[in-house]
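Results of the structural survey
One letter stands for each residue in the lines below.
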Amino acid sequence: MSDTLLVMKKITKRFPGVLALDGVNFEIRKGEVHALLGENGAGKSTLMKILSGVYQKDEGEIILAGNPIILNGPLAAQHLGISIIHQEFNLCSDLTVAQNIFIGREHRNGWLLDDNKQNQAAAEILKSLNLDISPDTQVSSLTVAQQQMVEIAKALSCQSRILIMDEPTAALTESEIESLFKVTRMLKAQGVGIVYISHRLEELAIIADRATVMRDGTYVGTVNYQDTTLDELISMMVGRDLDNIFPVHHSAVTEEVVLSVKNLCRKGVLNNVSFDLHRGEILGFSGLMGAGRTEVARAIFGADPIDSGSITLNGKQLAGHAIGDAIESGIGYLTEDRKQEGLALGLSVETNTLLSNYPRFANSLGVIDEATGSTIAGQLSKRLRIKTPDLQQLAGNLSGGNQQKIIIAKWLCKDTDILIFDEPTRGIDVGAKYEIYELMYELVRQGKSIIMISSELPEILGLSDRILVMRHGCITGELQRKDANQQNIMKYAALEG
Amino acid sequence: MNMFAQAEKQQPEKTGLAMNREVVMKLAPLLSLVLLCMFFSVGSPYFFSVDNLMTIALQTAVIGIMAIGVTYVIITGGIDLSLGSVMAFSGVCAGLAATVGMPLVVCIMIGIAAATACGVVSGALVTKANIPPFIATLGLMMSVRGLNMVFTDGRAIYFLDYPVFSTLANGKLFGIIPFPVLYLFAIGLLAAFILRRTIFGRYIYAVGSNEEAARLSGINVQQVKLMVYTFCGLLTGIAGMILAARLNSGQPSAGVSYELEAIAAVVIGGTSLAGGVGTIGGTIIGAFIMSVLKNGLNLMGVSQFWQMVATGAVVVAAVYLDNLRKRSK
């Protein structure tokens, strides 16, 4: 079974200021599960977005079954039998299963919709997937796993020859994963080529035939999964020497406890989370997606409610659980998703920098002292080396790294003591990452403390003084810097124990 | 949407020429207003006279003041459809106060307070009850209109015993500038100052630009929203008093569809219904474009019906221009 279905050759893609893909090769055979591996920001999603017609490549060619093809939109990809199941599903939750499966390709009887025929057709597809879902069920009443199956059914109904699954198991339970694998094997047997993007290497060992590894937008190599050890794969993914991407580590940890979290609970999300943060410490939070790391951050910051537990800051228990209380006590939160939650993209660099702290620059009537504000924003911008033509530039026009710096500036402006970095370098290219790391070191040297949540193991290992690993809302492991490595972190993060 | 936004960003660096174009596009509403005035000056000998221009300004005042209020709401990403009903409500309440013989100042304050209270209700429905602004204010628009009728039995209440009231709106400074025009500009200046120079103003933009980011920055988003609806109610009350003074009566059915004209003025002035973008200056220019259009077409003998067609076309064209402007970035 070595007949090649699709070849992507020397694909290059540029975004303003970033070379996202640099001559990447990729190949899918009929009836194989091909894992696409790489750290966050390695370019996996960009490559798959090109394959599914969402982005257009700048250079390179795509050959499907021997013929060069042009993918100028998602529809073109669909017509050629290429389907993608995004991490966030694209289902209309108020429509029925059948309506979703055939959306845009409705069964018709002349000018009218033919619901009966459509439901029958949907039922057949669902049956072929061994799914016990009625076609006229409303999608919003399905479980996440079932919704995923509907996505797969939708892909099958388009006669897909290539199916791309982006982190398909991220939200599934063990038994649901099992049934997903069953369906995957069935599709394989039918000759469908499956691209499987995942971070869970153990899981891939069960299902994947081959793996292509990407790193920093480049192609590293393609291997047979069975002939390759986990360590080999990880080193292909990480590749470079850790010393080169991280500034030299200087510990600034002191004995003083600045933040003490005790028995934080939130039903179904957090389970008795307790830890201390010391002055000058970088405390890394590792774990798989959905392990509850962001939820801990949001609970401390007051962005989400908690059921029980206490948060003590410099010996004083936090009075309320509102965002305002946390900020006033000196906690700053740099969100995982800068564009959705972190920045007002349509406002200027200066406004974003000062956003948490306007009362400081205003008189009793609330009139802003623009001159002082500008000066302070200017100083911070210089100190953090924010690259912007001027302070009035809209935040949305800056690169990811500089946007992250604006948010850091916002909290420095407020003279925040404890900074929670949630995925500090997501979507930021390597050079800018280094600058962010340097900044983090500079901050702890000044006596600030940092909680860093990251899904990138090298980042966790490279920066943290101490590492907490979470799984299913619990802290499952604590590692000192000298004892930590990828293996023992993964063990705490992924294995039942 | 996101996809398009990204595609836009990939366009080449802007050149000096494009910068100039940007400036031109930024001034587009003002330029349109000037062009419109020039056009009508040629089209009708009566248009460009002090008298006529003052008439236009007078006609702009009521809608303009309401439009200023709703600009705040729209910049936060909300909408207020209750303006017309609420404006009439303020006139009715002031009129009721007058019928029981309260002093004029008290009547006016009651009128303004009534509208402000409506604003508080809208704000509370949006923030506390979490009802979408469109629905909350649509409901208020209907209910308040009903209340107007209930309170008055559908009849106008005249301010017969208050001769001063009418002069507040019909008087002229130096015999030239109608008082309401002064109110419009005073309120406009104050509102622009608040929006540009105060914390409240900055928070309005922040909430409209990215509500979640604003919340996570420690801004009390709900309070900001409550305040913009209240402010909008307050200005609607002032507009209502001006109208009541001009008509020398509280009319329960006054101001029907004024909210739409106010919103149209805001939109023509470059404020985005998606929130985060907009200026008071733009809104006032927008309001003037609408009244110049009406006045000019009137003078040129164009029928009322065709005027409506033209106004609608201008609203759509203005937003189209605005889209072009954004795309040119």
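Residues numbered from 1 in each chain as written. Chains lettered and ligands numbered in written order. Predicted model: local features only at pLDDT ≥ 70, side-chain atom pairs only at ≥ 80, totals over all residues. Heavy atoms only, no water.

Re the pattern of salt bridges
Two side chains with opposite charge may pair up if their charged atoms get near one another. Evaluation of the coordinates by the stated rule reveals 25 salt bridges over all chains. Ionic pairing is found between A:Arg29 and A:Glu27, a salt bridge with its closest N-O pair at 3.6 Å. Linking B:Arg202 and A:Glu370 is a salt bridge whose minimum nitrogen-to-oxygen distance equals 2.7 Å. Within this pair, whereas B:Arg202 is found in helix 10 (residues 199-209), its partner A:Glu370 is found in helix 14 (residues 370-383), the two belonging to separate chains. On the basis of relative accessible area, A:Glu370 is assigned to the partly exposed category, the value being 22%. (Salt bridge = Lys/Arg side-chain N within 4 Å of Asp/Glu carboxyl O. Helix = DSSP H or I, 4+ residues; strand = E, 2+ residues; numbered from the N terminus. Buried < 20%, exposed > 50% of the residue type's maximum accessible area, 1.4 Å probe, protein only.)

Comments concerning the domain arrangement of chain A
When the domains of chain A are assigned, the result is domain 1 (4-241) and domain 2 (244-494). One C-alpha centre belongs to domain 1 of chain A, the other to domain 2 of chain A; they are set 33 Å apart. (Domains from an automatic or database assignment.)

With respect to unusual backbone geometry
Residues and elements named next belong to chain A. The backbone of Glu167 shows a phi angle near 45 degrees, a positive value even though the residue is not glycine. Inspection of the secondary structure puts Glu167 in the loop between strand 9 (162-166) and helix 6 (174-189). A positive phi angle, near 50 degrees, is found at Glu423, a position not held by glycine. Residue placement: Glu423 occurs in the loop between strand 19 (418-422) and helix 16 (430-445). What makes Glu423 buried here is its relative accessible area of 2%.

Description of the interface of chain A and chain B
Interfaces are frequently sized by the accessible area removed from exposure as the parts join. Listed as interface residues are 34 residues of chain A and, on the opposing side, 24 residues of chain B. Two residues, A:Arg298 and B:Glu212, come together in a salt bridge whose shortest N-O distance is 3.7 Å. Counting the contacts that link chain A with chain B gives 11 residue pairs in polar contact (both at pLDDT 80 or more). Secondary-structure elements contributing two or more residues to the side of chain A that touches chain B are strand 1 (4-15), helix 10 (293-301), helix 11 (323-328), helix 12 (338-342) and helix 15 (400-413) of chain A. At 4 residues, helix 12 of chain A tops the list of elements feeding residues into the side of chain A that touches chain B. (Contact = heavy atoms within 4.5 Å. Polar contact = N/O pair within 3.5 Å; in protein donor to acceptor, adjacent residues only side chain to side chain.)

Observations concerning the sheet that holds strand 11 (residues 210-215) of chain A
All names here are of chain A. Spatial strand order, 6-9-10-3-11-12: 6 strands in an open sheet with mixed pairing. The open sheet has two edge strands, strand 6 (82-85) and strand 12 (218-224), and neither has a second partner. Averaged over all adjacent pairs, the angle separating strand axes in this sheet is 20 degrees, with direction ignored. Sheet analysis places strand 6 next to strand 9, joined by 4 bridges and oriented parallel. The residue of strand 9 that forms the bridge with Ile82 is Ile162. Each of strand 3 (33-37), strand 9 and strand 10 (193-197) is contacted by helix 6, which is oriented at about 145 degrees to strand 10, the strand it contacts most. (Pairing = 2+ DSSP bridges. Axes fitted to C-alpha atoms, helices over the stretch in contact; angles between N-to-C directions.)

What to know about the packing of helix 4 (residues 50-75) of chain B against helix 14 (residues 280-299) of chain B
Residue and element names in this part refer to chain B. It is the contact of helix 4 with helix 14, at a shortest axis distance of 8 Å, that shows an interaxial angle of 140 degrees. When the axis of helix 4 is compared with that of helix 14, the two are oblique. Judged by the sense of rotation from one axis to the other, the crossing of helix 4 with helix 14 is right-handed. Across from Asn52, Ile56, Ala57, Gln59, Thr60, Gly64, Ala67, Ile68, Thr71 and Tyr72 in helix 4, the residues of helix 14 making contact are Ile280, Thr283, Ile284, Ala287, Phe288, Ser291, Val292, Asn295 and Leu299. Residue classes in the contact of helix 4 with helix 14 are distributed as 11 nonpolar, 8 polar and no charged. (Parallel < 35°, antiparallel > 145°, perpendicular 65-115°, else oblique. Left-handed = near helix turned anticlockwise from the far one by under 90°. Nonpolar A, V, L, I, M, F, W, Y, C, P; charged D, E, K, R; others polar.)

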